[in-house]
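Structure at a glance
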Amino acid sequence: MKKHALMIKSFIGFFWLTGTIFAQQPEPQPVELRPISENLYEILGGRGAQGGAYIGDDGVLLVDAKMDKTSVDQTIEQLKEVTDKPVRYLVNTHSDGDHIWGNQFFPESVTFIAHENCRNDLFLPKNNNEPSDWYNSELAPYIPSVTFREKMDIFLGSKKVELWYFGVGHTTGDIVVYFPEEKAAFIGDQIFMEIPQLIHSHKGGNSFEYVKTITKMLDALDAEKFCSGHSEIVNREAIQVHVEQMEKRQKKVKSLIADGKTLEQVKSEFEENEGRLVESIFNEITKN
Ligand SMILES: [Zn+2]
């Protein structure tokens, strides 16, 4: 299959999955680099999730890839405005298309890095049970070739970037890319401020593990800024509040189940946009 056709198929799948986030924004804003420090930028705009760029002594490390050629080309153009160093590493925070589909539009010379579970998730069948597009041999050079299990440090000359895995959450393969000098953590889709947290049960995501994982992250890192795929930068307190909201929902679902309520009855006790998350929580509790 030609890349173009692959791209269109993936777009359809992507919008079907995340239509609520992007429904109001069919034409993306141009890609823009927003500085966090002299060396670290958030990558905003384009088609796909927000990411990051870190200018090291001898090259650039990117966090996440957007999802079409235009957005990747714009990212590369914007980087040229701030550095003449090449992109050496691209770290994917997890396996969702809006963070990883753009890998294929970067040069093959880039080293793609992810958690080992993220790499495995790429090969899961699609929702309609068709085999994953990532089996296509044209995409092979863009599948993360370096993976890790718990922690990995990447040195760009004297600058250190830390990759951390704290456990299952949104999927089983979400990682945190931490920049110690800036006290900034890029956490992909481990937080959504505008909509209820997404938990991808089909990729092994779990809301109860999510609470443990995010708590572990807050304990391990003295991060002050949390950058993510679909929200503004937030502080530690906002993350704590987000986790508490999750715990509140879990408690409420638990007590409704104890009262003998069905899934539909439980869902009717929540806002409509909480339905998908409530269903995940319900299934997690009743499966045990
Ligand atoms: Zn995303």
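Read on for a plain summary of the structure.

So, how was this worked out
- Residues numbered from 1 in each chain as written.
- Predicted model: local features only at pLDDT ≥ 70, side-chain atom pairs only at ≥ 80, totals over all residues.
- Heavy atoms only, no water.
- Helix = DSSP H or I, 4+ residues; strand = E, 2+ residues; numbered from the N terminus.
- Expected span 1.5 Å × (residues − 1).
- Buried < 20%, exposed > 50% of the residue type's maximum accessible area, 1.4 Å probe, protein only.
- Contact = heavy atoms within 4.5 Å.
- Donors = N, O, S within 2.8 Å, 3.2 Å for Na, K, Ca; no water.
- Tetrahedral: all angles 85-135°; square planar, octahedral: opposite > 155°, others 65-115°.
- Polar contact = N/O pair within 3.5 Å; in protein donor to acceptor, adjacent residues only side chain to side chain.
- Phe/Tyr/Trp six-rings, centres within 6.5 Å; stacked < 30°, edge-to-face > 60°.
- Lys NZ or Arg CZ within 6 Å of the ring centre and 35° of its normal.

**Things to note about helix α8 (residues 275-287)**
With 13 residues, α8 ought to run about 18 Å at 1.5 Å a step, and its terminal C-alpha atoms sit 18 Å apart, in line with that. What α8 keeps buried is the set Gly 275, Leu 277, Val 278, Ser 280, Ile 281, Phe 282, Glu 284 and Ile 285. Looking at the packing, one finds that the buried side of α8 touches α5 (207-220), α6 (236-258) and α7 (263-267).

**Regarding the coordination of the zinc ion**
Here the zinc ion is held by the protein donor atoms Asp 98 (OD), His 99 (NE2), Asp 189 (OD) and His 230 (NE2), which lie 2.1 to 2.2 Å from it. Coordination at the zinc ion is irregular: its four donor atoms span angles of 84 to 156 degrees at the metal. Donor residues for the zinc ion sit on one chain with the sequence pattern D-H-x89-D-x40-H. Taken as a pair, Asp 98 in helix α3 (residues 97-100) and His 230 in the loop between β12 (225-227) and α6 lie far apart in primary sequence, 132 residues in all.

**A closer look at the environment of Ser 71**
Relative to the elements of secondary structure, Ser 71 occurs in helix α2 (residues 69-82). With relative accessibility at 2%, the residue Ser 71 sits in the buried group. Along the sequence, Ser 71 and Gly 46 sit 25 residues apart, while their C-alpha atoms lie 4.8 Å from each other. Within the structure, the side chain of Ser 71 is placed 2.7 Å from the backbone nitrogen of Arg 47, a separation counted as a polar contact.

**Looking at the environment of His 99**
Tracing the chain through its elements places His 99 in helix α3. Judged by relative accessible area, His 99 falls into the buried class, the value being 0%. Counting along the chain gives 37 residues from His 99 to Leu 62, while the straight-line C-alpha distance between them is 11 Å. Those residues in contact with His 99 that sit more than four places away from it in its chain are Ala 49, Asp 64, Ala 65, Lys 66, Asn 92, Thr 93, His 94, Gly 188, Asp 189, Gly 229 and His 230.

**Examining the side chain of Gln 50**
Counting through the fold element by element, Gln 50 comes out in the loop between β2 (40-44) and β3 (51-55). For Gln 50, a relative accessible area of 19% gives the class buried. Among the polar contacts listed, one links the side chain of Gln 50 to the backbone oxygen of Ser 231, at a separation of 3.0 Å. Beyond its immediate chain neighbours, meaning those up to four positions away, Gln 50 contacts Glu 42, Ile 43, Leu 44, Lys 66, Ser 228, Gly 229, His 230 and Ser 231.

**Quick word on the packing of aromatic side chains**
Two measures describe an aromatic ring pair: the distance that separates the ring centres and the angle between the ring planes. Per the counting criterion, the structure on display carries six aromatic pairs. Measuring from centroid to centroid gives 6.0 Å for Phe 112 and Tyr 142, while their planes differ by 70 degrees, and the two rings are edge-to-face. Of the two residues, Phe 112 is situated in strand β6 (residues 111-115) and Tyr 142 in the loop between α4 (116-121) and β7 (146-148); the sequence distance between them amounts to 30 residues. Across the pair, Tyr 142 and Phe 112 agree in class, each one buried. In textbook terms, an aromatic cluster arises when at least three aromatic residues are bridged by ring pairs, as seen for Tyr 54, Phe 179 and Phe 186. Lys 252 extends its terminal NZ or CZ atom over the ring of Phe 270, reaching a point 4.3 Å from the ring centre.

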